[in-house]
Amino acid sequence: MIVVTGATGIVGRVLTDDLLAAGASVRALTRDPESAGLPAAVETVEAAFGGGQSLEPLLDGADALWLNPAAVPGGTATELVRAAAAAGVKRVVLLSAAPITDTAADEENPILRWHAAIERAIRDSGLDWTFVRSTAFAANTLMWAEQIRHSDTVSWPYANAVGALVHEKDIAAVATAVLLDQDGTHRSAAYVITGSEALSRAEQLATIGRAIGRSLHYQEVPPEVALEQMTSTGLPREHAQGALKVVAATVGCQPDITPDVERVTGRPALTFTQWVADHVADFAA
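Small disclaimer: the values here were computed from a predicted structure and weren't measured.

Student: Tell me what's going on with helix α3 (residues 110-124), and back it up with residues and numbers.
Tutor: With 15 residues, α3 extends 21 Å between its outermost C-alpha atoms, agreeing within 8% with the 21 Å of an ideal straight helix rising 1.5 Å per residue. Taken together, the buried positions of α3 are occupied by Pro 110, Ile 111, Leu 112, His 115, Ala 116, Ile 118, Glu 119 and Ile 122. Against β4 (64-67), α2 (76-87), β5 (91-97), β6 (128-134) and α8 (237-248) lie the buried residues of α3. Put simply, Asn 109 is the residue that caps the front of α3, since its side-chain oxygen is 2.9 Å from the backbone nitrogen of Ile 111.

Student: Lay out the layout of surface pockets with the relevant residues and their values.
Tutor: Taken as a whole, the second largest pocket spans an internal volume of roughly 280 Å³. Of all the secondary-structure elements, those providing two or more residues to the lining of the second largest pocket are β6 and α5 (168-179). Along the lines of polarity and charge, the residues of the lining of the second largest pocket split into eight nonpolar, five polar and six charged.

Student: So what about helix α1 (residues 10-21)? Which residues, and what values?
Tutor: Counted at 1.5 Å a residue, the expected span for α1 with its 12 residues is 16 Å, and the 18 Å between its end C-alpha atoms agrees. Of the residues making up α1, those classed as buried are Val 11, Gly 12, Leu 15, Thr 16 and Leu 19. In a view along the axis of α1, the buried residues occupy a sector of 130 degrees, so they form one face of it. Each element contacted by the buried residues of α1 is listed here: β1 (2-5), β2 (26-30), β4 and α5. Once α1 ends, the next one or two residues include Gly 23, with phi positive near 90 degrees.

The rules we used
- Residues numbered from 1 in each chain as written.
- Predicted model: local features only at pLDDT ≥ 70, side-chain atom pairs only at ≥ 80, totals over all residues.
- Heavy atoms only, no water.
- Helix = DSSP H or I, 4+ residues; strand = E, 2+ residues; numbered from the N terminus.
- Expected span 1.5 Å × (residues − 1).
- Buried < 20%, exposed > 50% of the residue type's maximum accessible area, 1.4 Å probe, protein only.
- Contact = heavy atoms within 4.5 Å.
- Polar contact = N/O pair within 3.5 Å; in protein donor to acceptor, adjacent residues only side chain to side chain.
- 1 Å grid on protein atoms, 1.4 Å probe; cavity = no way out; pocket = protein on both sides within 12 Å on 5 of 7 lines; lining within 4 Å.
- Points joined across faces, edges and corners; volume = space filled by probe spheres on them.
- Nonpolar A, V, L, I, M, F, W, Y, C, P; charged D, E, K, R; others polar.
- Arc of directions from axis to C-beta.

Structural data, given as structure tokens:
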């Protein structure tokens, strides 16, 4: 049995399907099982994280845990790790952040500090572990979808920020291989998952434009404008500032592109063009 947090999210839905296709038993933890819309083969369990619910029963009989910290509030991620150890779970696989350096520099950014603290808790838990440290998701460009549906101009900061954006299918494929590992191949590994090509944000937007048959323009705005938009959706201000700081550091820089997707799955990482092809409907007017 594999327990999946964030099973209704961008990565989690693909991961759940991949695990089922591989013949695994899946238990999905979600706040609202009735609206989760997961396959009937999934054991969908209500998890009121942070509400005083005992976490150990959620993990009863599980062999492995997929932990997406974004799917659990506050400090619940470390509580879930402790509960997994107490429940006899053998392995935890964490969705973490590629910029982590395992040095004091991680403490300078709130997002990296948060992920690094969870990694430390997992290392200290006694569980077998693997970290899937992802660079920015290709799905992050969905934040432009509303603007694209109504205009040929996207207003956002850092047009020249460069990233090797990751297709959620690649994260799910790596996670599936690691969660189903029976011989310890991936034990204590920290994989850095990147896309297969480095594109600036302006180039990412142009790629979306070609896919939907439109010429789109990137209008650069001050980061403070984006900060207000991000916090208006409920994102903590400190985390929004941290995310913008990470992006700012990539302006004009060529990121490292790792072979870790192919190393784990046996196939190359997907391109951003492939991701856009899978999501054309999300940008169409």
